[in-house]
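Residue strings, one per chain:
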Amino acid sequence: MKQTDDKNILLTRLLLSLGILIFIRMGTFLPVPGVNHGHLAFYIERHFMTRSLVSTFAGNNSVVIGLFTLNIFPYINASIIVQLLVSLVPSLSKLQKEGGAEARRSINSLTRALTLGWSVIQGMSVAFYLKRALFDWNPLLAFEIVIWLTTGAMIVLWLSEIITEYGLGNGASLLI
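Residues numbered from 1 in each chain as written. Predicted model: local features only at pLDDT ≥ 70, side-chain atom pairs only at ≥ 80, totals over all residues. Heavy atoms only, no water.

**As for the packing of aromatic side chains**
Part 1: The full count for this structure, using the stated rule, is four aromatic pairs.
Part 2: Here Phe23 and Phe68 contribute two aromatic rings whose centre-to-centre distance is 5.9 Å and whose plane-to-plane angle is 65°, an arrangement assigned as edge-to-face. Of this pair, Phe23 sits in helix 1 (residues 2-27) while Phe68 sits in the loop between helix 3 (48-58) and helix 4 (73-88), and the two are 45 residues apart along the sequence.
Part 3: Residue class for Phe68 comes out buried when judged on its relative accessible area of 2%.
Part 4: With a centroid separation of 6.4 Å and an interplanar angle of 85°, the aromatic rings of Tyr43 and Tyr129 are classed as edge-to-face. Taken together, the residues span a long stretch of sequence, with Tyr43 in helix 2 (residues 37-46) and Tyr129 in helix 6 (residues 101-129) at a distance of 86 residues. (Phe/Tyr/Trp six-rings, centres within 6.5 Å; stacked < 30°, edge-to-face > 60°. Helix = DSSP H or I, 4+ residues; strand = E, 2+ residues; numbered from the N terminus. Buried < 20%, exposed > 50% of the residue type's maximum accessible area, 1.4 Å probe, protein only.)

**Some thoughts on a nonpolar patch on the surface**
Part 1: The grouping of Leu11, Leu14, Leu15, Leu18, Ile22, Phe23 and Met26 at the surface amounts to a nonpolar patch, some 680 Å² of accessible area in total.
Part 2: By the secondary structure assignment, Leu18 is in helix 1. (Patch = residues over 30% accessible without salt bridge, like charges linked within 9 Å, V, L, I, M, F, W, Y side chains within 5 Å. Areas by Shrake-Rupley, 256 points an atom, 1.4 Å probe, with all protein chains shown as cover. Salt bridge = Lys/Arg side-chain N within 4 Å of Asp/Glu carboxyl O.)

**Notes on unusual backbone geometry**
Part 1: Here Asn71, not a glycine, exhibits a phi torsion of approximately 55°, which is positive.
Part 2: Inspection of the secondary structure assignment puts Asn71 in the loop between helix 3 and helix 4.
Part 3: Since its relative accessible area comes to 14%, Asn71 is described here as buried.

**Quick notes on the nonpolar core**
Part 1: Grouped together as the largest cluster of nonpolar side chains are 18 residues, with contacts concentrated most on Leu40, Ile65, Leu134 and Ile145.
Part 2: When contributions to this core are tallied by element, the ones reaching two or more residues are helix 2 and helix 7 (139-166).
Part 3: If you tally residues by element for this core, the top one is helix 7, at six residues.
Part 4: Apart from residues lying up to four places away in sequence, Leu40 is in contact with Val63, Ile65, Leu130, Ala133 and Leu134. (Core = buried A, V, L, I, M, F, W, Y, C linked by side-chain atoms within 4.5 Å. Contact = heavy atoms within 4.5 Å.)

Read these as layout, nothing more, since geometry by itself doesn't imply function.
Put into structure tokens, the structure is as follows:
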């Protein structure tokens, strides 16, 4: 009986993890509203450097600026920054070494806050890069792109934490 329960729990965790990973993958192809992908495709076709960069990462010459385009990368960057801060700031180092669960929560909160800030920075980078590619680019469109990409990155972070807590493995690692 216990072996059957363990198999059911394992199957449930596996299905949850796979479902979330598939959902995130589908979200990368859900286009950000306001971005004219026809203009973007035209720009990529005309510019060799951009075309080679897109084909390196996407495997072909098509690109979609989707809701989950930033994926888990802002969180990874924020984690690296927090690790550097812990090694450079004595109070953070002491907090990590001597603190218990409350200290871990504090460091996780700091990582999430940095993830939000880093998502905004990366979203702005994408929005301002698109200025060259989109004929109808304006500051309002750039603001909307930043909001959509930041929201998508934070949703991916939340989903990765769900995988870590209830699924199989570390959610951030599975998303890489």
